[in-house]
Amino acid sequence: MEGTNPVNKKLAAALSGGAVLVLALSGCSSDDGNKKLDDWAKKVCDQVQPQSKKIADANAAIQKETSDNSAPADVQKTDSKAFQDMSDAYKAMGTSVKNAGAPPVDGGQKKMDDAVKELNDISKSYGDLKKKVDGLDTKDQAAFADGLKGVAGELDKLSKSGNEALDKLQDGDVGKAMGKQESCKSASATPSAKS
C-alpha cells in the first residue's frame, strides 16, 4: 500500500486549495444603502450558497478518502463523483450570476461576463479532471499513484487561478453588498458543529 499515501496527501492538500475559490464569495459588511445593488447581491448569494455547500462537501469527501490510504478503486470512485459535483456546482453558479444580470455598478456588465466565463471554465476543468480520474488504471498501484499526482498538480493550478474574475466581480460596492447577505456569509463561513 505504500506509494499512494504521499500522493493522497498531496491531492488532499490541493483540494483544500480548491475550496478557497468559493469562500472568496464574501465581502466586508457595509451599511451604505443601495437597494438595487443589495437586491442583486441577495439574488446571487441565495443561489450560490447551496452550490458552495456542494463544493465543500465534495472537497470533504475527497479529503476523507485520500487520507484513509484507501484502495485505488475507492479513491477513483470518490474523486470521480466529487469532480462531477464540483463541475455541476460551478456551472450552476455561472448560471446564477448570469440570471442575476449585471450588477448595477460601473462596468457591471464586464464584471458579470468575466465571472460567468470563469465559472464555466472552472466547471469544464473539473469535468476534464473527472475524465482523467476515470481513465486511471486502478489495478496498477504505481501507475495509479502517478496519475493521481498529475491530477493533484492540475487541481493545484486550478485552485490558484480560479479567483480572479470572482474577485473582480466583488470589487468595491458589489463586495460590500454581498458581504451584507446572510447567505454569502454562511457560504464563506467554516461549517460549524451545530446540528
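1. Regarding the overall build of the chain
When you go through the chain residue by residue, the secondary structure sums to eight helices and zero strands. For the chain, with 195 residues in total, the buried portion stands at 45%. Taking the contacts inside the chain whose residues are at least 6 apart along the sequence as the reference set, 85% of them involve residues at least 24 apart. On the chain, roughly 9900 Å² of surface is accessible, and the fraction owed to carbon and sulfur atoms is 52%.

2. Examining the environment of alanine 58
Turning to its location among the elements, alanine 58 is positioned in helix 2 (residues 35-67). You can call alanine 58 buried: its relative accessible area is 4%. Taking C-alpha positions, alanine 58 is 7.4 Å from phenylalanine 83, a pair spaced 25 residues apart along the chain.

3. Topic: the confidence of the model for the chain
Averaged over the chain, the pLDDT score is 79; the fraction of residues at 70 or greater is 74%. Across the chain, helix 3 (residues 72-100) holds the top mean pLDDT of 93, while helix 1 (residues 4-23) sits lowest at 54. With pLDDT under 50 throughout, residues 26-31 is counted as low confidence; its partners more than four residues away or in other chains account for 14 contacts. Here residues 189-195 is modelled with pLDDT under 50, and outside its nearest four sequence neighbours on either side it reaches zero contacts, counting other chains as well.

4. A few points about the packing of helix 3 against helix 4 (residues 108-134)
Packing of helix 3 against helix 4 leaves a shortest axis separation of 8 Å and a crossing angle of 165 degrees. As summarised for this structure, helix 3 and helix 4 are arranged roughly antiparallel, according to the angle between their axes. Crossing of helix 3 over helix 4 shows left-handed handedness. A class-by-class count of the residues in the contact of helix 3 with helix 4 yields 13 nonpolar, eight polar and five charged.

5. So, the packing of aromatic side chains
For the coordinates displayed, the defined rule picks out two aromatic pairs. Ring centres 5.6 Å apart and planes at 0 degrees place the aromatic pair tyrosine 90 and tyrosine 126 in the stacked group. With a gap of 36 residues between them, tyrosine 90 in helix 3 and tyrosine 126 in helix 4 connect regions that are remote in the sequence. Like tyrosine 90, the residue tyrosine 126 is buried in the burial classification. Taken together, the ring pairs in this structure connect Phe83, Tyr90 and Tyr126 into an aromatic cluster.

6. Details of the nonpolar core
Counting 34 residues, the largest nonpolar core has Trp40, Phe83, Val97, Tyr126 and Met178 as its most contacted members. Put simply, the parts of the chain that give this core at least two residues each are helix 2, helix 3, helix 4, helix 5 (141-161), helix 6 (164-169) and helix 7 (172-179). No other element matches helix 2, which puts nine residues into this core.

7. Topic: the pattern of salt bridges
Across all of its chains, the model carries 12 salt bridges by this definition. With its nearest N and O atoms 2.7 Å apart, the salt bridge here joins aspartate 114 to lysine 110. Here the residue aspartate 114 and the residue lysine 110 both occupy positions in helix 4, the gap between them amounting to four residues, near one helical turn. According to the relative accessible area criterion, lysine 110 is exposed, its value standing at 54%. When salt bridges with common partners are traced through the structure, they connect Lys124, Asp128 and Lys131 into a single cluster.

Parameters and conventions
- Residues numbered from 1 in each chain as written.
- Predicted model: local features only at pLDDT ≥ 70, side-chain atom pairs only at ≥ 80, totals over all residues.
- Heavy atoms only, no water.
- Helix = DSSP H or I, 4+ residues; strand = E, 2+ residues; numbered from the N terminus.
- Buried < 20%, exposed > 50% of the residue type's maximum accessible area, 1.4 Å probe, protein only.
- Contact = heavy atoms within 4.5 Å.
- Areas by Shrake-Rupley, 256 points an atom, 1.4 Å probe, with all protein chains shown as cover.
- pLDDT = per-residue confidence, 0-100.
- Axes fitted to C-alpha atoms, helices over the stretch in contact; angles between N-to-C directions.
- Parallel < 35°, antiparallel > 145°, perpendicular 65-115°, else oblique.
- Left-handed = near helix turned anticlockwise from the far one by under 90°.
- Nonpolar A, V, L, I, M, F, W, Y, C, P; charged D, E, K, R; others polar.
- Phe/Tyr/Trp six-rings, centres within 6.5 Å; stacked < 30°, edge-to-face > 60°.
- Core = buried A, V, L, I, M, F, W, Y, C linked by side-chain atoms within 4.5 Å.
- Salt bridge = Lys/Arg side-chain N within 4 Å of Asp/Glu carboxyl O.

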